[in-house]
Amino acid sequence: MPEQPAQPAPPTDGDQKREKNETPWVPEPDFDAALIEEAAKKSGLVWLSPAGLSAKADAGRPSGRGGPSAPSGPSGPQAVWHVWHDSAVTIVAGGAEQPLPMWAVPGRVVEVAIRSKEQGGRLISFLSQVALVAPGTPEWGPAAEALHAERLNLAEGDRYQQRWAEESAILRMRPLGGAVTPDGGSGAARPLPTPATTLGRMPRMVGGLPRERTRKK
C-alpha cells in the first residue's frame, strides 16, 4: 500500500497571531484631507500666520502690563472667519469686512490652523498659497453666496456683492498636501486692539426669582 503524503499540521493560535502581526497597518492617504475638511466645516474661525511662524509665541511685544505677549498682527497668528467652499478655506476681507495682515496677500504661502471646537486647542494645521477669487469669474458668485450665507449682522437689502467687488477681496486657501506639525507652543495670541468696550456693570434683573429665606425654628 503506497504511503500517504504527510498532512500539514493545522495552524495554531500563535501562528495566526504572527500572520496578523506581519501585515502592517497603513493609514489611508486621504486621512489628512478628510480631517482638514471636517474640522474646517465645524469651525467658524481659522488662524492665519506666515508659514512656519504660527507658534513663535515668545518673541512678542510688551503687553502694557510689564510682560511679554504673543505676537499678533504683522507676524503672529490672526483669527479670521471663513466658510469651507470648493474644497478650500474661503474668506472675505478688506473694506467694511474683517481686516487681513499685509503678508496674507495672493501668492504668499500661509499656515492655516484649525482648533478643536470642543477642546479649544490646535487640531490641525496646513500650508496654503493664498489665491484671489476675482470678480467676474465663474468662481466669484458662488463663493460670495457661500460667504453671505454665514455672514452675520448684514443690513437688510445690503448690496453685498457690489460692495465686495468694489472694496473687498475674496480669498481662497486650499491645502498644499497634508497636515503640518506645529513647531511647539500653543499658538495663543493676544486679541488685536479694538475700540469695542463693555458698558460697565451688568444691570440688575427686574422681577428676578426671590431668594429663599431661612425660617427660624
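Computed from a predicted structure; not experimentally measured.

Novice: How should I be thinking about the sheet that holds strand β8 (residues 169-173) in this particular structure?
Specialist: Sheet strands line up and pair through hydrogen bonds in the backbone, either parallel or antiparallel. Judged by pairing direction, the sheet is antiparallel, and its four strands sit side by side in the order β3-β4-β8-β7 without closing on themselves. Each edge of the sheet is formed by a strand with only one pairing partner; in this case those strands are β3 (83-85) and β7 (131-133). Going across the sheet, the axis of each strand differs from the next one's by a mean of 40°, ignoring polarity. In this structure, β3 lies alongside strand β4 (residues 88-93), joined through three bridges in antiparallel fashion. Bridging from a neighbouring strand, H85 pairs with A88 of β4. Helix-sheet contacts for helix α3 (residues 140-150) involve β3, β4, β7 and β8, and the interaxial angle to β3 is about 150°.

Novice: Would you mind showing me how to read the packing of aromatic side chains here?
Specialist: The geometry of two aromatic rings is summed up by the distance between their centres and the angle between their planes. By the definition in use, this model includes one aromatic pair. Here Y160 and W164 contribute two aromatic rings whose centre-to-centre distance is 5.1 Å and whose plane-to-plane angle is 70°, an arrangement assigned as edge-to-face. Pair noted here: Y160 and W164 are both in helix α4 (residues 160-167), with a separation of four residues, about one helical turn. Residue classification places Y160 among the buried residues on the basis of a relative accessible area of 13%. The ring of W47 carries the charged tip of R115 above its face, separated from the ring centre by 4.2 Å.

Novice: Which parts of the structure should I look at to understand the pattern of salt bridges?
Specialist: Side chains carrying opposite charge are able to pair once their charged atoms draw close together. Under the counting rule described, the total for this entry stands at seven salt bridges. A salt bridge links E97 to R151; its shortest N-O distance comes to 2.8 Å. Placement of the pair is E97 in the loop between β4 and β5 (109-115) and R151 in the loop between α3 and α4, with a sequence separation of 54 residues. A salt bridge links R163 to E97; the nearest nitrogen and oxygen atoms lie 2.9 Å apart. Of this pair, R163 sits in helix α4 while E97 sits in the loop between β4 and β5, and the two are 66 residues apart along the sequence. The pair R163 / E97 is uniform in exposure class, with both members buried. Several salt bridges converge on common partners, so that one network encompasses E97, R151, D158 and R163.

Novice: What am I meant to see in the sheet that holds strand β1 (residues 45-50) here?
Specialist: Taken together, five strands build an open sheet; the order of strands is β2-β1-β5-β6-β9 and the sheet is antiparallel. Edge positions in the open sheet fall to β2 (78-81) and β9 (175-179), since each of these has one partner strand only. Adjacent strand axes in the sheet meet at a mean angle of 30°, parallel and antiparallel pairs treated alike. Sheet analysis places β1 next to β2, joined by four bridges and oriented antiparallel. Pairing of W47 across the sheet is with A79, part of β2. Together, β5, β6 (122-129) and β9 form the strand contacts of helix α2 (residues 31-42), whose direction differs from that of β6 by roughly 105°.

Novice: Sorry, what's going on with the packing of α3 against α4 here?
Specialist: A pair of packed helices can be characterised by two numbers: the angle between their axes and the separation between those axes. Put simply, α3 and α4 touch, their axes get as near as 11 Å, and they point 115° apart. One element, α3, and the other, α4, form an angle in the roughly perpendicular class. Both α3 and α4 take part in a crossing whose hand is right-handed. Touching W140, A144, E145, L147 and H148 of α3 are Y160, Q161, W164 and A165, all from α4. Across the contact of α3 with α4, the residue classes tally to six nonpolar, two polar and one charged.

Novice: Is there a simple way to think about the nonpolar core in this case?
Specialist: What tends to happen in soluble globular proteins is that the nonpolar side chains get buried as a cluster. V46, L48, V89, V112, I114 and M173 are the most contacted members of the largest nonpolar core, which has 19 residues in total. Only α2, β1, β4, β5, β6 and β8 provide two or more residues apiece to this core. Among the nonpolar cores identified, the runner-up in size contains eleven residues, and V92, V133, W140 and A143 belong to it.

Calculation notes
Residues numbered from 1 in each chain as written. Predicted model: local features only at pLDDT ≥ 70, side-chain atom pairs only at ≥ 80, totals over all residues. Heavy atoms only, no water. Pairing = 2+ DSSP bridges. Helix = DSSP H or I, 4+ residues; strand = E, 2+ residues; numbered from the N terminus. Axes fitted to C-alpha atoms, helices over the stretch in contact; angles between N-to-C directions. Contact = heavy atoms within 4.5 Å. Phe/Tyr/Trp six-rings, centres within 6.5 Å; stacked < 30°, edge-to-face > 60°. Buried < 20%, exposed > 50% of the residue type's maximum accessible area, 1.4 Å probe, protein only. Lys NZ or Arg CZ within 6 Å of the ring centre and 35° of its normal. Salt bridge = Lys/Arg side-chain N within 4 Å of Asp/Glu carboxyl O. Parallel < 35°, antiparallel > 145°, perpendicular 65-115°, else oblique. Left-handed = near helix turned anticlockwise from the far one by under 90°. Nonpolar A, V, L, I, M, F, W, Y, C, P; charged D, E, K, R; others polar. Core = buried A, V, L, I, M, F, W, Y, C linked by side-chain atoms within 4.5 Å.

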